[in-house]
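Listed here are the chains, written in short residue letters.
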Amino acid sequence: MAARTILVTGGAGYIGAVMCEALREHGMQAVVLDNLSHGYRDAVPPGAVFVGGDVGDAAVVRELFARHAIDAVIHMAAYIEVGESMLAPRKYFDNNFARPLVLLEAMEGAGVRKFVLSSTAAVYGAPERVPIPEDAALRPLNPYGWSKLMLEQALAWHAAARGWRYAALRYFNAAGATERCGERHQPETHLIPLVLEAAAGEREAIAIFGSDYDTADGTCIRDYIHVRDLAEAHIVALRQLDEPASATADLAAHAWNIGNGQGFSVREVIAAAEKVCGRKIPTQLHPRRPGDPPALVASAAKLQAAGWRPRHTNLEEIIASAWHWKLRQPQGLAAGKPGSGKALSSPGA
Ligand SMILES: NC(=O)c1ccc[n+]([C@@H]2O[C@H](COP(=O)([O-])OP(=O)(O)OC[C@H]3O[C@@H](n4cnc5c(N)ncnc54)[C@H](O)[C@@H]3O)[C@@H](O)[C@H]2O)c1
């Protein structure tokens, strides 16, 4: 029997590349569609088919579906910087909401009816309680979160109207690395890679935004999920989409949180990184950032009931995988920029 073929949009990005590795290990073929705006051609694992192009380019996506017998789509392509979305909302609604509608139309034309969306904990805004269940109130605090929630909503109505199956996977903080693939966002805004840049001497210090929150050590608490565990959750979601289900436009019915279910504070992350790297990491205290909720921790009970278990729940282990990946990156290629296939630069240097 031919291997199932899955389209991974954004497959040259951090999580997408790990997704392709996981699909291959599960005996599936990945076809990547990525415009390399923030991805790296060399991140796409050998064996995956690479198509350079934009999710919103109707001719490219139609041609892709005509060439490849796609069984389901994992849609990861998006812009991901919350701060930038506050300054350039249209850019985010265009890329994260409007362009994927072109992809949906091409899927419709090709008879592909299964869709997995990379959504985000940002759809919850500042939650009333943690751990956060999927049916918590949806009140994004920024255009990034809204662009994802709007796509969830469009998918829900689309699925109900057309009998599609979809899952909106609401990721908490993806972290860590596999042997081959690690985080090299530009600019980097995520805590663990920034802490590791400070550990490597590539940035002077790590900024702590707010030390007066109502948490044990006064710093914000977040849920860090190893990127490989995150990819495995998509395999579980794909299996769920093979099962028959009643069509509903209820967002919570289609949503799955992906997190460890454990929160770690900013100071705990720094302390764990100091242990892993065996060196002191300089910090700088800053005031709170507007819109940063004190704690964001997932209830992943729904996904666990479907058979998913995170394997890398230890914070030091997650950080160590990222650190060892970083140490393996070739030095001297620091001028690499997305699309070039070169290595990580050090924006904070
Ligand atoms: N990293 C996290 O912690 C996190 C948390 C929550 C949700 N997510 C979601 O997971 C997904 C992947 O995140 P990531 O960290 O791997 O980001 P990333 O920037 O590394 O990867 C995104 C990829 O999408 C590509 N892309 C962007 N717009 C495109 C378009 N219009 N057409 C084709 N390709 C396009 C980029 O070139 C890049 O390779 C995103 O949808 C993001 O919103 C990530």
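Residues numbered from 1 in each chain as written. Predicted model: local features only at pLDDT ≥ 70, side-chain atom pairs only at ≥ 80, totals over all residues. Heavy atoms only, no water.

### A few points about empty space enclosed by the protein
Okay, so step 1: Across all of its chains, the model carries 1 cavity of 30 Å³ or more by this definition.
Okay, so step 2: In this structure, the largest cavity encloses a volume near 120 Å³.
Okay, so step 3: Lining the largest cavity we find 12 residues, and of these Glu-183, Pro-193, Leu-196, Ala-322 and Trp-325 sit closest to its centre.
Okay, so step 4: For the lining of the largest cavity, the secondary structure elements donating two or more residues are α6 (191-199) and α11 (315-328).
Okay, so step 5: In terms of residue count, the dominant contributor to the lining of the largest cavity is α6 (4 residues).
Okay, so step 6: Across the lining of the largest cavity, the residue classes break down as 7 nonpolar, 1 polar and 4 charged. (1 Å grid on protein atoms, 1.4 Å probe; cavity = no way out; pocket = protein on both sides within 12 Å on 5 of 7 lines; lining within 4 Å. Points joined across faces, edges and corners; volume = space filled by probe spheres on them. Helix = DSSP H or I, 4+ residues; strand = E, 2+ residues; numbered from the N terminus. Nonpolar A, V, L, I, M, F, W, Y, C, P; charged D, E, K, R; others polar.)

### Comments concerning the pattern of salt bridges
Okay, so step 1: Tallied over the entire structure, the rule returns 21 salt bridges.
Okay, so step 2: Between Glu-197 and Arg-203 there is a salt bridge whose closest N-O contact spans 3.0 Å.
Okay, so step 3: Taking the shortest distance from any N to any O, the salt bridge between Glu-274 and Lys-280 comes out at 3.4 Å.
Okay, so step 4: By relative accessible area, which is 69% here, Lys-280 ends up exposed.
Okay, so step 5: Taken together, the shared-partner salt bridges connect Arg-4, Asp-71, Lys-114 and Asp-242 into one network. (Salt bridge = Lys/Arg side-chain N within 4 Å of Asp/Glu carboxyl O. Buried < 20%, exposed > 50% of the residue type's maximum accessible area, 1.4 Å probe, protein only.)

### What to know about the domain arrangement of the chain
Okay, so step 1: Structurally, the chain comprises domain 1 (5-175 + 225-258) and domain 2 (191-223 + 260-328).
Okay, so step 2: Put simply, the middle of domain 1 and the middle of domain 2, counted by C-alpha atoms, are 24 Å apart.
Okay, so step 3: When domain 1 packs against domain 2, close to 2100 Å² is buried across both sides, 66% of that on carbon and sulfur atoms.
Okay, so step 4: Taken together, the links from domain 1 to domain 2 amount to 11 residue pairs in polar contact (both at pLDDT 80 or more).
Okay, so step 5: The set of elements that each furnish at least two residues to the side of domain 1 that touches domain 2 consists of β7 (173-175), β10 (224-226), α7 (227-242), α8 (251-254) and β11 (255-258).
Okay, so step 6: Here the element with the most residues in the side of domain 1 that touches domain 2 is α7; it accounts for 5 residues.
Okay, so step 7: Among the residues making up the side of domain 1 that touches domain 2, the classes are represented as 17 nonpolar, 6 polar and 3 charged. (Domains from an automatic or database assignment. Buried area = accessible area lost by both parts, 1.4 Å probe. Polar contact = N/O pair within 3.5 Å; in protein donor to acceptor, adjacent residues only side chain to side chain.)

### Digging into unusual backbone geometry
Negative phi is the rule for most residues except glycine; trans is the rule for most peptide bonds.
Okay, so step 1: Each neighbour pair has its own omega, and for Val-130 with Pro-131 the value is -5 degrees, a cis peptide bond.
Okay, so step 2: Tracing the sequence through the fold places Pro-131 in the loop between β5 (114-120) and α5 (143-162).

### Considerations on α6
Given 3.6 residues per turn, any residue in an α-helix points the same way as the ones three and four places further on.
Okay, so step 1: Judged by how many residues are buried, α6 sits mostly within the fold: 9 of 9 residues are covered.
Okay, so step 2: Looking at α6, one finds that the buried residues are Leu-191, Ile-192, Pro-193, Leu-194, Val-195, Leu-196, Glu-197, Ala-198 and Ala-199.
Okay, so step 3: Looking at the packing, one finds that the buried side of α6 touches β7, β8 (206-209), β10, α9 (266-277) and α11.
Okay, so step 4: Of the residues one or two after α6, Gly-201 is the one with positive phi, at around 80 degrees. (Contact = heavy atoms within 4.5 Å.)

### Observations regarding the packing of aromatic side chains
Okay, so step 1: For the structure on display, the rule yields 2 aromatic pairs.
Okay, so step 2: For the ring pair Tyr-124 and Phe-172, a centre distance of 6.5 Å and an interplane angle of 35 degrees mean the geometry is tilted. Of this pair, Tyr-124 sits in the loop between β5 and α5 while Phe-172 sits in the loop between β6 (165-171) and β7; the two residues are 48 residues apart in sequence, bridging distant segments of the chain. Both residues of the pair, Tyr-124 and Phe-172, belong to the buried class.
Okay, so step 3: The side chain of Lys-91 reaches across the aromatic face of Tyr-79, ending 4.8 Å from its centre.
Okay, so step 4: Across the ring face of Trp-256, the terminal group of Lys-302 is positioned such that the distance to the ring centre comes to 4.6 Å. (Phe/Tyr/Trp six-rings, centres within 6.5 Å; stacked < 30°, edge-to-face > 60°. Lys NZ or Arg CZ within 6 Å of the ring centre and 35° of its normal.)

### Here's the deal with the site of the ligand
Okay, so step 1: The environment of the ligand is made up of 30 residues, and the closest members are Asp-34, Met-76, Asn-95, Tyr-144 and Lys-148.
Okay, so step 2: Asn-95 is positioned with one of its side-chain polar atoms (N or O) 2.7 Å from a nitrogen atom of the ligand.
Okay, so step 3: For the ligand, whose free accessible area comes to 820 Å², the fraction covered by protein is 97%.
Okay, so step 4: Where the shell around the ligand is concerned, the elements lending two or more residues are α1 (14-25), β5, α5 and β7.
Okay, so step 5: No other element matches the 3 residues that β5 contributes to the shell around the ligand.
Okay, so step 6: Its residues assigned to classes, the shell around the ligand comprises 13 nonpolar, 14 polar and 3 charged. (Near = heavy atom within 4 Å. Areas by Shrake-Rupley, 256 points an atom, 1.4 Å probe, with all protein chains shown as cover.)

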